[in-house]
Each structure stands twice: as C-alpha cells, then as structure tokens.
Amino acid sequence: MQRRTLGRSATRLMVCSGLAAVGALLLGGCNTTYTVDVTNRMSVPITAWLSQDRLVDEPVRLVTTRLAPGQSAALGPVAAPWTDPMRLYVVQADEAGLPPSKFYVRRGYQRIEVTADGDATYGSPRFTVIPD
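Residues numbered from 1 in each chain as written. Predicted model: local features only at pLDDT ≥ 70, side-chain atom pairs only at ≥ 80, totals over all residues. Heavy atoms only, no water.

A. How the structure looks around the environment of Ser43. One can find Ser43 in the loop between strand S1 (31–40) and strand S2 (46–52). Taking the relative accessible area as the measure of exposure, Ser43 reaches 41% and is therefore partly exposed. Expressed as a C-alpha distance, the spacing of Ser43 and Pro69, which sit 26 residues apart in the sequence, is 5.3 Å. (Helix = DSSP H or I, 4+ residues; strand = E, 2+ residues; numbered from the N terminus. Buried < 20%, exposed > 50% of the residue type's maximum accessible area, 1.4 Å probe, protein only.)

Printed below as a string of structure tokens:
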C-alpha cells in the first residue's frame, strides 16, 4: 500500500513539473506592444527614443524622433518580450554631451509630456504622464 502512494506522488510531481515547464515556455514567447505619445513642452528641441532594456545584452534603440518645442509624436507601436522593460529616453537635441533622462513606460498606450526641470531653457527633462 505504501508503494502505491509513493508511485502516485511521483507521477503527480512529474505531471505538475511538466505543466510548469510548458507554461514557462509559452509565456517566454509572448510579446507586449508599447506605444508612447510624446509632447515636447520644453523651449528647446529634444530627441526622444524608445529602448528595449534586455536582461542579458545591451539595450536596443527601437524608434527615434526629434521634436521641436510644442510638437508631439507617437513612438511605436513596438513589440518586445514581456521580460524586457521598455524605457523612454530624452535629451536636448542640440546638447550632444548631455546624458539622456530615462523613464520606464508601461505596456500598451501611454501619453507623456516632457518639461524642463528648472530653467525654461536649460535643465533635465522631466516626465509627466497624462492619464487616459
């Protein structure tokens, strides 16, 4: 009787492990779509891009645009694996030596306004999410 219980437990364990492995493989292949509508509220032109921050390799720049003051543009839709976070990078277009400001974007559609943090002309870009 004891042997029969041990056999059923081992079988259950194997079945559950197999189902978990299949589920992990199926989820690993899923892609998520990102679209970001960016508006430049700074008084200088900006360059904005979406970057896929991969878990193992270097980030990949997927789509780039240059925005004049007051201009808007849609970045995307782009697809990426759900395991890789997506970031919006922004830098003043005419200031090549400045490091970009970064903002993690959520899946789906998102509207973001970029404003200057500080002086109207200079300063780090600041991100404001506009609710749907």
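B. Region of the structure containing the pattern of salt bridges. Inspection of every chain in the model, using the stated rule, returns three salt bridges. Salt-bridge contacts for Asp53 lead to Arg87; the nearest nitrogen and oxygen are separated by 2.6 Å. Linking Asp53 in the loop between S2 and strand S3 (60–67) with Arg87 in strand S5 (residues 86–92), this pair joins segments that are 34 residues apart in sequence. Note on accessibility: Asp53 and Arg87 belong to one class, buried. Between Asp94 and Arg66 there is a salt bridge, and its shortest N-O distance comes to 3.5 Å. (Salt bridge = Lys/Arg side-chain N within 4 Å of Asp/Glu carboxyl O.)

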